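# Close look at the chain arrangement
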Amino acid sequence: MVGPIRPSFVLFGSSIVQISYYFQGWGATLNTLYSRKADITLRGYAGWNSKMALNIYEKVFPKDAEIQPDLVILYFGGNDSCHPDFPNSSHVPLEEYIENMRKIILHIKSLSEKTRLIMLSAPPVNEEQLIQHYGDNRGRDNETCHIYSEAGVKLGQELGVKVIDFWSALQERPDWLTTVFWDGMHLAKEGSDILVKKILKILKEADWEPSLNWEKMPDEFSDIGPDVMNFDLLKEHK
């Protein structure tokens, strides 16, 4: 533990969280933007589904912790939506997925009055690219991903949390099939850039006090020395 104590952000989910620092990923970008404003912690578990997450969510977010997170970005769903007959499938039936996510969301919301939550729904996939990369489609198809995404968006709205329609967001680019993934399901830089902009839009527009908008949060120790950083990365996300 090092000080001073900063606002705490936690990214919790499966591989899209675990590898969010790869390929100029969305986790890495958030870490750069908040480098003197908040501490960002990864809790990503590749291959996991919402059923597996139920085994650990109370360990990741203990209710008796002295310091609770200010922001949690939550993502499960892509693995849940796999076909049940695919070898070693991580499939979770839709209704079970919804109830698993409900339990996790309600627990996170109960941590403290200051804890904010952004949920990502299930993303799309490029089935052709999956086959090219892995030799099969990994038990995934875009239509099923859409069903799970819609269920996640509906649940987030029902529970009053900010939710990103991940499935639709990535497909806003006309060339999404050839740009947003590196293997058909995990994000390339272009896909991460889309996700970062969606997250930052929520953080900018939310009426949360204190604000978690990176442009409004003070830089640590700004009263002691100059801040001469002028990275193009920061300009891109304004």
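Residues numbered from 1 in each chain as written. Predicted model: local features only at pLDDT ≥ 70, side-chain atom pairs only at ≥ 80, totals over all residues. Heavy atoms only, no water.

Looking at an unreviewed UniProt entry, the protein chain carries the name GDSL esterase/lipase At2g38180-like, with the source organism given as Nicotiana tabacum. Word for word, the UniProt comment on the protein chain under Sequence similarities (unreviewed entry) is "Belongs to the 'GDSL' lipolytic enzyme family." (UniProt positions renumbered as here; feature names shortened; annotations may be inferred.)

### What about the sheet that holds strand 3 (residues 71-75)?
The strand order across the open sheet formed by 5 strands is 2-1-3-4-5, and the pairing between neighbours is parallel. Bordering the open sheet on either side are strand 2 (39-44) and strand 5 (162-164), each of which pairs with just one other strand. Strand-to-strand twist of the sheet, defined as the mean angle between neighbouring strand axes without regard to direction, takes the value 15°. Pairing analysis gives 5 bridges linking strand 3 to strand 4 (residues 116-120), with the strands arranged parallel. Looking across to strand 4, one finds that Val-72 is bridged to Leu-117. Sheet strands touched by helix 5 (residues 94-109): strand 1 (8-13), strand 3 and strand 4. Its angle to strand 4, the strand with the most contacts, is close to 160°. (Pairing = 2+ DSSP bridges. Helix = DSSP H or I, 4+ residues; strand = E, 2+ residues; numbered from the N terminus. Axes fitted to C-alpha atoms, helices over the stretch in contact; angles between N-to-C directions. Contact = heavy atoms within 4.5 Å.)

### Some remarks on the pairing of strand 1
The element strand 1 is largely enclosed, with a buried count of 6 among its 6 residues. Here strand 1 shows a buried face lined by Ser-8, Val-10 and Phe-12 and a second buried face lined by Phe-9, Leu-11 and Gly-13. Summarising the sheet, strand 1 and strand 2 pair through 6 bridges and their orientation is parallel. Among the inter-strand pairings, Val-10 is bridged to a residue of strand 2, identified as Thr-41. Pairing of strand 1 with strand 3 involves 5 bridges; the strand directions are parallel. Looking at strand 3, one finds that Val-10 is bridged to Val-72. (Buried < 20%, exposed > 50% of the residue type's maximum accessible area, 1.4 Å probe, protein only.)

### Focus: helix 7 (residues 142-158)
Taking 1.5 Å per residue as the helical rise, helix 7 with its 17 residues ought to reach 24 Å, and the 24 Å between its terminal C-alpha atoms agrees with that figure. For helix 7, the set of buried residues is Asn-142, Thr-144, Cys-145, Tyr-148, Ser-149, Ala-151, Gly-152, Val-153, Leu-155 and Gly-156. Of the surrounding elements, those touching the buried residues of helix 7 are helix 5, strand 4, helix 6 (127-134), strand 5, helix 8 (166-170) and helix 9 (176-179). Its side-chain oxygen at 3.1 Å from the backbone nitrogen of Glu-143, Asp-141 defines the N-terminal cap of helix 7. Phi turns positive, to about 75°, at Gly-160, one or two residues after helix 7. (Expected span 1.5 Å × (residues − 1). Polar contact = N/O pair within 3.5 Å; in protein donor to acceptor, adjacent residues only side chain to side chain.)

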